[in-house]
Amino acid sequence: MNEPQLYADVVHNMQVGLHLYQLENLDDDRSLRMIVTNPAASLFTGVAMEEVLGKTLDENFPGLREKGIPQLYAEIVRSGRSQELEDVYYSDDRVIQGAFAVMAFALPDNCVGVVFENITKRKQAEQGLAQARAELEQRVEERTRQLAQSNQELQQEIDARHAEETQRRNLEKKLQQAQKLESLGVLAGGIAHDFNNLLMGVLGNAEMALLDLAPESPALPCITDIQTSALRLAELTKQMLAYSGRGKFVVEHINISKMVEEITHLLEVSIPKKVVIKYDLAQDLPAIEADASQVRQVIMNLLTNAAEACQDRSGIVTLHTGFVHADEKYISENYLLDQLPEGYYVYLEVSDTGCGMDEQAQEKIFDPFFSTKFTGRGLGLAAVLGIVRGHGGAIKVYSEPKRGSSFKVLLPASDETATNFVDLRKPDSTFHGQGVVLLVDDEETVRAIGRRMLERMGYTVWTAEDGDVAVQMVQKKADQISVILLDLTMPKMDGVEAFREMRRIRSDLKVILSSGYNQQDATSHFAGKGLAGFIQKPYRYDTLAETLAELLSDPKQN
């Protein structure tokens with residue numbers, strides 16, 4: 001048998017589907033034309049061989065374009081790489097609905113080979129297995145819950161018979177509380193990065209609007225409020241990163257009464273109109289050493305919890321601040337986390353006239369996922385306890401059913417003077433830069449607002465949606481690029497790998513890392529590798545302008 005016939009027989013008898021396309025125009029992925037197929041491909045797709053041969057990929061399988069398949073195949077031809085795809089779901093009027101595992105690879109003469117098989121049955125089996133596993137886990141969870149309840153009842157009986165066990169049980173309770181609080185870190189770290197990307201759109205667009213608005217514009221106060229809220233949210237993301245171990249606290253000397261006064265408007269718009277807030281704020285309070293965003297969240301969470309306790313009825317929430325000298329006996333008898341030294345403390349007390357809680361509910365209110373509210377609530381008080389614990393403080397809770405609740409937070413007093421921490425300013429529109437900035441980020445929102453900011457500054461802007469695309473652009477136009485603004489976390493090729501590939505192409509490239517994570521954590525991957533700078537998302541217009549101006553004007557960086 002001659003060799004061409006042997007190859008033809010192999011293709012014909014393959015148990016997996018084969019499509020061979022030729023890219024007739026390297027710059028046009030719509031020019032992918034099928035030149036070879038086999039019977040297995042017809043069996044899997046339900047389309048006869050003679051119906052697809054000689055036609056373009058878009059003519060044969062039009063729905064693949066929205067999945068990015070033609071673009072991917074064309075890129076494989078141009079780059080010479082291969083790509084494996086899992087779980088490609090597809091069907092149309094001709095093609096049998098199913099899931100396919102696909103391997104695409106480059107071939108000579110601008111061709112791409114595609115080997116695939118129908119894995120629908122396997123996926124259905126996996127789904128069935130997953131459902132069975134979920135049902136089993138549900139039964140285990142229910143049984144575990146029953147055992148936990150039985151254990152709690154047994155513990156109560158033991159406590160009643162053995163009063164001397166009280167101290168041991170208290171220590172166990174605190175240990176369990178600490179373990180539950182660790183789950184907050186998992187939650188916070190999982191959402192902080194995406195949250196900062198969204199804030200880029202909010203804060204960036206607000207600052208761009210401020211640049212265009214006249215001082216007398218009636219929209220100016222609204223845009224300023226948006227800017228203020230976005231900055232506050234950015235502070236909260238820093239706190240979430242700190243919980244997850246991906247960020248650091250920023251300690252300041254804070255007058256808690258002045259902080260309450262500063263966010264009064266935000267407090268009042270955050271609660272139902274039927275609830276009235278009363279303030280009893282001590283003047284000339286000593287400062288506390290704390291992270292401002294952390295303390296704001298304590299205030300907001302306690303207030304929100306108190307307002308919701310009033311349910312749909314009219315109610316009163318009172319915010320009271322003061323200063324007290326507490327001895328060890330007072331602290332141990334009245335506060336959670338009672339291993340605190342005797343000394344002077346500043347306190348914040350939030351009281352409500354709401355529904356109150358029974359003893360059983362009070363034992364669980366600081367659990368991260370416990371809630372007496374509707375679905376989706378329940379993290380607020382766990383976060384409060386974590387913040388207070390992290391600042392060396394304590395919490396006292398008093399509540400009775402139908403008689404309201406009171407939460408009193410105790411924080412160590414400082415001898416230092418309180419500092420101001422409000423930083424609102426209109427962006428500087430006078431700065432003008434020049435050169436080409438390559439903005440690399442997988443989030444379209446970040447790329448869009450980043451481009452607007454940079455173009456407003458005078459730069460020429462190129463964008464790339466991931467590290468792989470960015471490296472290809474550097475390969476073609478490295479000499480034209482002045483600086484690269486590079487995201488850390490991206491699909492396909494992340495910032496660390498992209499940075500390494502770019503510096504191989506051009507060793508003196510100026511690269512500024514951009515991330516929603518804290519600088520110390522994000523830049524640890526680049527130690528000693530020549531990273532030009534770092535800017536944390538969500539970044540402001542002035543911060544971005546100053547960072548670029550300093551980098552491009554520094555002779556050491558040129």
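Let me sum up the structure you'll find in this document.

1. Topic: the overall build of the protein chain
For step 1, the next point in the chain: Looking only at helices and strands, the protein chain features 19 helices and 17 strands.
For step 2, the next point in the chain: By residue count, 42% of the 558 residues in the protein chain fall in the buried class.
For step 3, the next point in the chain: Of the contacts formed within the protein chain by residues at least 6 apart in sequence, a portion of 68% connects residues at least 24 apart.
For step 4, the next point in the chain: A total of about 29700 Å² of accessible surface is found on the protein chain, and carbon and sulfur atoms cover 51% of it.

2. Overview of the pattern of salt bridges
For step 1, the next point in the chain: All chains considered together, the criterion is met by 20 salt bridges.
For step 2, the next point in the chain: One salt bridge in this structure joins Arg 403 and Glu 400, with 3.4 Å as the shortest N-O distance.
For step 3, the next point in the chain: When salt bridges with common partners are traced through the structure, they connect Asp 29, Arg 30, Asp 58 and Arg 65 into a single cluster.

3. A short note on the state of the cysteines
For step 1, the next point in the chain: What the rule picks out here adds up to zero disulfides.
For step 2, the next point in the chain: No disulfide involves Cys 310; its nearest neighbouring cysteine sulfur is the one of Cys 355, lying 8.1 Å away.

4. Overview of helix α6 (residues 120-161)
For step 1, the next point in the chain: Helix length check: α6, at 42 residues, gives a terminal C-alpha distance of 61 Å against a target of 62 Å (1.5 Å per residue), a fit within 8%.
For step 2, the next point in the chain: Along α6, the residues classified as buried are Thr 120, Lys 123 and Asp 159.

5. Section: the pairing of strand β6 (residues 251-254)
For step 1, the next point in the chain: Judged by which residues are buried, β6 turns out to be one-sided: Glu 252 and Ile 254 face inward and are buried, whereas Val 251 and His 253, on the alternate face, are not.
For step 2, the next point in the chain: In terms of strand pairing, β6 meets strand β8 (residues 288-291) through four bridges, oriented antiparallel. Counterpart to Glu 252 in the pairing with β8 is Ala 290.

6. Quick notes on the side chain of Ser 405
For step 1, the next point in the chain: For Ser 405, the location among the structural elements is in strand β12 (residues 405-412).
For step 2, the next point in the chain: According to the relative accessible area criterion, Ser 405 is buried, its value standing at 8%.
For step 3, the next point in the chain: A polar side-chain atom of Ser 405 sits 2.6 Å from a polar atom in the side chain of Ser 399.
For step 4, the next point in the chain: If we ignore the near neighbours within four places in the chain, the residues touching Ser 405 are Val 350, Ser 351, Asp 352, Gly 356, Met 357, Tyr 398 and Ser 399.

7. Observations regarding the environment of Gln 227
For step 1, the next point in the chain: Here Gln 227 shows up in helix α8 (residues 220-243).
For step 2, the next point in the chain: Taking relative accessible area as the criterion, Gln 227 reaches 2% and is therefore assigned buried.
For step 3, the next point in the chain: Separated by 17 residues in the primary sequence, Gln 227 and Leu 210 have C-alpha atoms spaced 9.3 Å apart.
For step 4, the next point in the chain: Within polar-contact distance, the side chain of Gln 227 engages the side chain of Glu 207 at 3.1 Å.

8. Points about helix α19 (residues 541-553)
For step 1, the next point in the chain: With 13 residues, α19 extends 18 Å from end C-alpha to end C-alpha; this agrees with the ideal 18 Å at 1.5 Å per step.
For step 2, the next point in the chain: Residues of α19 that are buried: Tyr 541, Asp 542, Leu 544, Ala 545, Thr 547, Leu 548 and Leu 551.

9. Quick word on the nonpolar core
For step 1, the next point in the chain: Of all hydrophobic cores here, the largest spans 41 residues; its most connected members are Leu 267, Val 295, Ile 299, Leu 302 and Leu 319.
For step 2, the next point in the chain: Elements supplying a minimum of two residues to this core: α9 (256-262), β7 (275-280), β8, α11 (292-309), β9 (315-326), β10 (343-352), α14 (380-390) and β12.
For step 3, the next point in the chain: The element contributing the most residues to this core is α11, with nine residues.
For step 4, the next point in the chain: If sequence neighbours within four positions are ignored, Leu 302 has contacts with Leu 348, Val 350, Leu 381, Val 384, Phe 407 and Val 409.

10. Structural notes on the environment of Leu 509
For step 1, the next point in the chain: Assignment of secondary structure puts Leu 509 in the loop between α17 (495-505) and β16 (511-515).
For step 2, the next point in the chain: A relative accessible area of 3% places Leu 509 in the buried class.
For step 3, the next point in the chain: Remark: the alpha-carbon pair of Leu 509 and Ser 482, spanning 27 residues in sequence, is separated by 7.7 Å.
For step 4, the next point in the chain: Look past the residues within four positions of Leu 509 in its chain and what remains in contact with it is Val 474, Ala 478, Ile 481, Ile 484, Met 502 and Arg 503.

11. Remarks on a nonpolar patch on the surface
For step 1, the next point in the chain: A contiguous nonpolar surface patch, about 300 Å² in accessible area, is contributed by Leu 6, Tyr 7 and Val 10.
For step 2, the next point in the chain: If you trace the backbone, Leu 6 turns up in helix α1 (residues 3-13).
For step 3, the next point in the chain: Looking at Leu 6, the relative accessible area reads 42%, which means it is partly exposed.

12. Examining the packing of helix α15 (residues 444-457) against α19
For step 1, the next point in the chain: Two elements in contact, α15 and α19, have axes whose closest approach is 11 Å; the angle formed by their N-to-C orientations is 60°. Considering their axes alone, α15 and α19 lie oblique with respect to each other. In this structure, the crossing between α15 and α19 has a hand that is right-handed. Along its contact with α15, which presents Met 453, Leu 454, Arg 456 and Met 457, the element α19 presents Tyr 541, Leu 544, Ala 545 and Leu 548.

13. Some thoughts on the packing of helix α16 (residues 467-477) against α17
For step 1, the next point in the chain: The N-to-C vectors of α16 and α17 enclose an angle of 5°; their axes lie 9 Å apart at closest approach. Considering their axes alone, α16 and α17 lie roughly parallel with respect to each other. Contact residues: α16 offers Gly 467, Ala 470, Val 471, Val 474 and Gln 475, while α17 offers Ala 498, Glu 501, Met 502 and Ile 505.
For step 2, the next point in the chain: Taken together, the residues that form the contact of α16 with α17 break down as six nonpolar, two polar and one charged.

14. Topic: the pairing of strand β14 (residues 460-464)
It is a general feature of regular strands that their side chains alternate between the two faces of the sheet.
For step 1, the next point in the chain: The pairing of strand β13 (residues 436-440) with β14 spans five bridges and is parallel. In the strand pairing of β14, Val 436 is matched with Thr 460.

15. Details of the sheet that holds strand β11 (residues 394-399)
For step 1, the next point in the chain: Spatially, five strands are ordered β7-β9-β10-β12-β11 in an open sheet, and the strand pairing comes out mixed. This sheet does not close on itself; its edge strands, each paired only once, are β7 and β11. With strand direction ignored, the average angle separating the axes of adjacent strands in the sheet is 15°.
For step 2, the next point in the chain: Direction of pairing for β10 relative to β12: antiparallel, over a ladder of eight bridges.

16. Digging into the packing of aromatic side chains
For step 1, the next point in the chain: Following the criterion strictly, the structure yields six aromatic pairs and no others.
For step 2, the next point in the chain: On the basis of an interplanar angle of 75° and a centroid distance of 6.0 Å, the ring pair of Phe 100 and Phe 116 is categorised as edge-to-face. Taken together, the positions of Phe 100 in strand β4 (residues 98-107) and Phe 116 in strand β5 (residues 111-118) put the pair 16 residues apart, joining distant regions of the chain. Here the two residues Phe 100 and Phe 116 agree in accessibility, since each one is buried.
For step 3, the next point in the chain: Sitting above the plane of the Tyr 347 ring, Lys 408 keeps its charged end 4.2 Å from the centroid.

The rules we used
Residues numbered from 1 in each chain as written. Predicted model: local features only at pLDDT ≥ 70, side-chain atom pairs only at ≥ 80, totals over all residues. Heavy atoms only, no water. Helix = DSSP H or I, 4+ residues; strand = E, 2+ residues; numbered from the N terminus. Buried < 20%, exposed > 50% of the residue type's maximum accessible area, 1.4 Å probe, protein only. Contact = heavy atoms within 4.5 Å. Areas by Shrake-Rupley, 256 points an atom, 1.4 Å probe, with all protein chains shown as cover. Salt bridge = Lys/Arg side-chain N within 4 Å of Asp/Glu carboxyl O. Disulfide = S-S within 2.5 Å. Expected span 1.5 Å × (residues − 1). Pairing = 2+ DSSP bridges. Polar contact = N/O pair within 3.5 Å; in protein donor to acceptor, adjacent residues only side chain to side chain. Core = buried A, V, L, I, M, F, W, Y, C linked by side-chain atoms within 4.5 Å. Patch = residues over 30% accessible without salt bridge, like charges linked within 9 Å, V, L, I, M, F, W, Y side chains within 5 Å. Axes fitted to C-alpha atoms, helices over the stretch in contact; angles between N-to-C directions. Parallel < 35°, antiparallel > 145°, perpendicular 65-115°, else oblique. Left-handed = near helix turned anticlockwise from the far one by under 90°. Nonpolar A, V, L, I, M, F, W, Y, C, P; charged D, E, K, R; others polar. Phe/Tyr/Trp six-rings, centres within 6.5 Å; stacked < 30°, edge-to-face > 60°. Lys NZ or Arg CZ within 6 Å of the ring centre and 35° of its normal.

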